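# Chain and residue survey
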Amino acid sequence: MLVHVKNVLTAEEVAYCRGVLESAEWGDGKATAGQQSAKAKHNLQIPQKSPQCRELGELVLRALGRNPTFTSAALPLRVFPPLFNRYDTGMYFDAHVDNAIRPEPETGYRIRTDVSSTLFLTPPEDYDGGELVIRDTYGEHSVKLPAGDLVLYPSTSLHSVKLITRGSRWASFFWTQSMVKDDGKRTLMYEFDQAIIEIRKSLPDSHEGVLGVTGTYHNLLRQWAEL
Ligand SMILES: O=C(O)CCC(=O)C(=O)O
Ligand SMILES: [Fe+2]
């Protein structure tokens, strides 16, 4: 399932991130790539252990923590410390699947990548190309979002970033280990939660039907969650 999460960052937070990134040291994106994806990857990143990456990564994690849609769709157990990339004109990232397991840079603690996310930091009108193209069983989805918005998709998907033909595209990207690793089950939980949110707009929380569906949501999560 591919989910567009709007307004993860405010306009002020986007501007703040861009200001910090302006002064950061950018290196080759191949630094965090696997063997196959290193050949496909032509972009820039700030180093994982740089103070800018840590500070902005925490800002992004705080924003995710207050976002109910991200929580509902990703059912996060652990979020890998967010990274920051940039594609200038002429840069791109060919088709690849993200590494399944990633050690956290500080602790070496390994996380399984179930959900991949890109949080856009450049307004779409500032660059041409740079669409994130995600392949799933229904075909290809081309994604280019307003600054501050995020797309999440199963890490099992082949994906690529198209050649930038004008301007520069900046983003944060990161992986989440989900409590529910199977995309099909996670999708059901998300759709179930969204339906409950709709029902609760019309019925009081004490209604037997609301009690039933919220109870069943939690009981299903209890069955499927791995902690
Ligand atoms: O820049 C993006 O939107 C995606 C980056 C990506 O796929 C990766 O670093 O593995
Ligand atoms: Fe990727």
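An account of the accompanying structure is given in this report. (Residues numbered from 1 in each chain as written. Chains lettered and ligands numbered in written order. Predicted model: local features only at pLDDT ≥ 70, side-chain atom pairs only at ≥ 80, totals over all residues. Heavy atoms only, no water.)

### A look at the site of ligand 1
Taken together, the neighbourhood of ligand 1 is formed by Asn85, Tyr87, Phe93, His96, Asp98, Thr118, Leu132, His159, Val161, Arg169 and Phe173. In the model, an oxygen atom of ligand 1 is placed 2.7 Å from a nitrogen or oxygen of the Tyr87 side chain. Between Thr118 and ligand 1, the recorded distance is 2.8 Å, taken from a side-chain N or O atom to an oxygen atom. Across the complex, the protein chains shield 96% of the 290 Å² of accessible surface that ligand 1 would expose by itself. Going through the elements one at a time, strand 6 (83–87), strand 7 (92–96), strand 15 (158–161) and strand 17 (169–178) are the ones with two or more residues in the shell around ligand 1. Per-class residue counts for the shell around ligand 1 are five nonpolar, four polar and two charged. (Near = heavy atom within 4 Å. Polar contact = N/O pair within 3.5 Å; in protein donor to acceptor, adjacent residues only side chain to side chain. Areas by Shrake-Rupley, 256 points an atom, 1.4 Å probe, with all protein chains shown as cover. Helix = DSSP H or I, 4+ residues; strand = E, 2+ residues; numbered from the N terminus. Nonpolar A, V, L, I, M, F, W, Y, C, P; charged D, E, K, R; others polar.)

### Side note on the coordination of the iron ion (ligand 2)
Around the iron ion (ligand 2), the donor atoms from the protein are His96 (NE2), Asp98 (OD) and His159 (NE2), and they sit 2.1 Å away. Here the donor residues for the iron ion (ligand 2) map to a single chain with the spacing H-x1-D-x60-H. Placement of Asp98 in the loop between strand 7 and strand 8 (101–103) and of His159 in strand 15 is noted, with a sequence separation of 61 residues between them. There is no split in this pair, since Asp98 and His159 are both buried. (Donors = N, O, S within 2.8 Å, 3.2 Å for Na, K, Ca; no water. Buried < 20%, exposed > 50% of the residue type's maximum accessible area, 1.4 Å probe, protein only.)

### Details of the pattern of salt bridges
Considering all chains together, one arrives at 10 salt bridges under this definition. Among the ionic pairs, Arg78 bridges to Glu104, the shortest N-O distance being 3.1 Å. With Arg78 in strand 5 (residues 76–79) and Glu104 in the loop between strand 8 and strand 9 (110–112), this pair connects stretches of sequence that are 26 residues apart. Its relative accessible area of 11% is what places Glu104 among the buried residues. Across the salt bridge formed by Glu140 and Arg135, the nearest N and O atoms sit 3.4 Å from each other. With a relative accessible area of 55%, Glu140 lands in the exposed category. Residue classification places Arg135 among the partly exposed positions, given a relative accessible area of 41%. (Salt bridge = Lys/Arg side-chain N within 4 Å of Asp/Glu carboxyl O.)

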